[in-house]
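# Commentary on secondary and tertiary structure
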Amino acid sequence: MSDEEREERELDLTSPEVVTKYKSAAEIVNKALQLVLSECKPKAKIVDICEKGDSFIAEQTGNMYKNVKKKIERGVAFPTCISVNNTVCHFSPLASDDTVLEEGDVLKIDMGCHIDGFIAVVAHTHVLQQGPVTGRAADVIAAANTAAEVALRLVRPGKNNKDVTEAIQKVAAAYDCKIVEGVLSHQMKQFVIDGNKVVLSVSAPETRVDDAEFEENEVYAIDIVTSTGEGKPKLLDEKQTTIYKRAVDKSYHLKMKASRFIYSEINQKFPIMPFTARALEEKRSRLGLVECLNHDLLEPYPVLHEKPGDLVAHIKFTVLLMPNGSDRITSHSLQELQPTKTVDDPEIKAWLSLGTKAKKKGGGKKKKGKKVDEAANEEAKDENSQG
């Protein structure tokens with residue numbers, strides 16, 4: 001075996017050190033999500049909350065691996081986003097933005113953390129209100145959560161990406177919701193947030209992906225976005241885009257001084273992971289980013305919207321396909337939901353009853369029991385009506 005092959009092998013989940021780094025990143029991002037949620041109150045400015053989420057991740061990761069000889073990269077792997085109501089994703093405004101949260105808003109919080117390039121991402125949906133969530137808001141969140149629980153059970157060695165795509169669409173339909181098009185669940189590797197193996201959210205003629213089988217020791221970001229609308233989001237305003245990722249394989253000699261300045265700042269601070277324009281020097285960044293984007297040096301993460309009045313929910317988690325089963329390392333418990341629909345489909349019920357651990361039958365169920373209860377909303381609904 002060549003050194004290269006050996007190195008490649010050591011950097012997956014067969015290495016206990018790698019598993020530890022994933023779990024440390026997950027612990028930090030779960031706590032960051034908890035912090036962000038606690039800051040979400042009516043009239044709070046979204047940008048302030050996003051800043052707090054990013055600062056917490058930077059601070060917590062900064063305290064780790066301080067005294068090692070070889071510098072270990074660590075920090076934000078995906079900037080904190082808070083997308084409200086019919087906004088689908090990637091809303092992480094600039095400091096000058098005054099958008100605030102309002103009572104009753106359906107919030108999608110999305111964020112990521114990495115340690116040495118080993119990434120843990122999470123997204124969670126919360127309604128800014130007291131008491132149980134009811135009506136269509138409950139339906140759309142239950143649809144996302146139940147689809148996430150089904151995906152957790154189908155993303156396992158030997159299964160195929162197409163199986164997951166079909167299953168999550170079936171779950172969303174049971175709640176009279178749609179899975180939002182264009183969302184991809186990616187395999188993740190060291191320093192790679194969007195690996196080549198992907199799960200499509202919706203199979204459509206214009207978006208084709210290679211068939212792929214899940215394998216042991218892989219890591220996936222499972223990304224589920226549901227909508228009470230059509231699930232065909234649109235870009236309304238390019239100016240809202242603030243999150244970018246450097247296109248590692250592209251190069252171009254930039255003409256403008258402002259562009260060269262910004263691109264050099266990006267190369268130094270954010271060579272690989274997505275970042276927010278808030279983290280760049282704001283005066284120069286507006287000018288400089290335009291030329292970088294025109295020449296494909298950056299990949300934008302656009303802010304997408306469903307139609308006004310539609311509600312969108314987002315659940316994303318990181319799962320390690322360990323030899324003893326699937327280990328979901330990022331999550332947050334949901335509010336009490338009282339959906340208007342119950343899931344009676346035997347196939348969906350059968351998927352939800354699958355364990356997540358490979359060896360001991362039922363062993364995984366115990367560990368994940370709380371989450372399964374939250375997920376299988378037909379159970380949750382019974383509990384809620386009693387409570």
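Residues numbered from 1 in each chain as written. Predicted model: local features only at pLDDT ≥ 70, side-chain atom pairs only at ≥ 80, totals over all residues. Heavy atoms only, no water.

As annotated in an unreviewed UniProt entry, the protein chain carries the name ERBB-3 binding protein 1 and is attributed to Olea europaea subsp. europaea.

### What about helix α5 (residues 161–174)?
Here α5 is 14 residues long and its end C-alpha atoms lie 21 Å apart, about the 20 Å a rise of 1.5 Å per residue gives. Within the sequence span of α5, burial applies to Asn 161, Val 164, Thr 165, Ala 167, Ile 168, Val 171 and Ala 172. On its buried side, α5 packs onto α4 (135–154), β6 (178–179), β8 (198–200), β9 (219–227) and α8 (346–353). Between a side-chain oxygen at the N-terminus of α5 and the backbone nitrogen of Lys 162 the separation is 2.9 Å; the capping residue is Asn 160. Positive backbone phi, approximately 55 degrees, marks Asp 176, located one or two places after α5. (Helix = DSSP H or I, 4+ residues; strand = E, 2+ residues; numbered from the N terminus. Expected span 1.5 Å × (residues − 1). Buried < 20%, exposed > 50% of the residue type's maximum accessible area, 1.4 Å probe, protein only. Contact = heavy atoms within 4.5 Å. Polar contact = N/O pair within 3.5 Å; in protein donor to acceptor, adjacent residues only side chain to side chain.)

### Observations concerning the layout of surface pockets
Roughly 680 Å³ of volume is contained in the largest pocket. Around the largest pocket sit 30 residues that line it, and His 90, Gly 182, Leu 184, Asp 223 and Tyr 301 are the ones nearest its centre. Here the residues of the lining of the largest pocket sort into 18 nonpolar, five polar and seven charged. When its volume is computed, the second largest pocket comes out at roughly 570 Å³. Taken together, 21 residues line the second largest pocket, and the ones lying closest to its centre are Glu 238, Lys 239, Gln 240, Thr 241 and Tyr 244. (1 Å grid on protein atoms, 1.4 Å probe; cavity = no way out; pocket = protein on both sides within 12 Å on 5 of 7 lines; lining within 4 Å. Points joined across faces, edges and corners; volume = space filled by probe spheres on them. Nonpolar A, V, L, I, M, F, W, Y, C, P; charged D, E, K, R; others polar.)

### Regarding the pairing of strand β15 (residues 312–322)
Counted residue by residue, β15 has eleven buried out of eleven residues, so it is predominantly covered. Residues Val 312, His 314, Lys 316, Thr 318, Leu 320 and Met 322 point to one face of β15 and Ala 313, Ile 315, Phe 317, Val 319 and Leu 321 to the other, with burial holding for every one of them. As defined by bridge partners, β9 adjoins β15 across nine bridges and the pair is classed as antiparallel. Across the sheet, Ala 221 pairs through a bridge with Thr 318, a residue of β15. Note: β15 against strand β16 (residues 325–328), four bridges, orientation antiparallel. Paired with Leu 320 across the bridge in β16 is Asp 327. (Pairing = 2+ DSSP bridges.)

### Regarding the sheet that holds strand β12 (residues 275–276)
Spatially, β12-β11-β13 is the arrangement adopted by the three strands of the open sheet, whose pairing is antiparallel. Edge positions in the sheet fall to β12 and β13 (298–301), since each of these pairs with one other strand and no more. Pairing between strand β11 (residues 243–246) and β13: four bridges, direction antiparallel. Bridge pairing in β13 links Arg 246 to Leu 298. In the packing of helix α7 (residues 282–294) onto the sheet, the strands contacted are β11 and β13, and the crossing angle to β13 comes to about 105 degrees. (Axes fitted to C-alpha atoms, helices over the stretch in contact; angles between N-to-C directions.)

### Observations concerning the state of the cysteines
Under the criterion given, the structure shown has zero disulfides. Cysteine Cys 50 is unpaired, with the sulfur of Cys 81 as its nearest cysteine sulfur at 6.5 Å. The class for Cys 50 is buried, based on a relative accessible area of 0%. By relative accessible area, Cys 81 is classed as buried at 0%. (Disulfide = S-S within 2.5 Å.)

### Structural notes on the side chain of Glu 218
With respect to the secondary-structure elements, Glu 218 resides in the loop between β8 and β9. At 2.7 Å, the side chain of Glu 218 and the side chain of Tyr 220 are in polar contact. Among all residues touching Glu 218, those that are not within four sequence positions of it are Leu 13, Gln 187, Lys 197, Glu 213, Val 319, Leu 320 and Leu 321.

### Digging into the packing of aromatic side chains
One pass over the structure, following the stated rule, counts five aromatic pairs. Centroid distance Phe 78 to Tyr 301: 5.2 Å. Interplanar angle 80 degrees. Geometry classified as edge-to-face. Of this pair, Phe 78 sits in strand β1 (residues 74–84) while Tyr 301 sits in strand β13; the two residues are 223 residues apart in sequence, bridging distant segments of the chain. Summarising the burial analysis for this pair, Phe 78 and Tyr 301 share the class buried. With centroids separated by 4.9 Å and ring planes inclined at 15 degrees, the aromatic side chains of Phe 270 and Phe 275 adopt a geometry described as stacked. Phe 275 matches Phe 270 in its accessibility class, with the two residues each being buried. Here the aromatic residues Tyr 244, Phe 270 and Phe 275 are joined through ring pairs into a cluster of three or more. In this structure, Arg 328 packs its charged tip against the face of Phe 317, placed 4.3 Å from the ring centre. (Phe/Tyr/Trp six-rings, centres within 6.5 Å; stacked < 30°, edge-to-face > 60°. Lys NZ or Arg CZ within 6 Å of the ring centre and 35° of its normal.)

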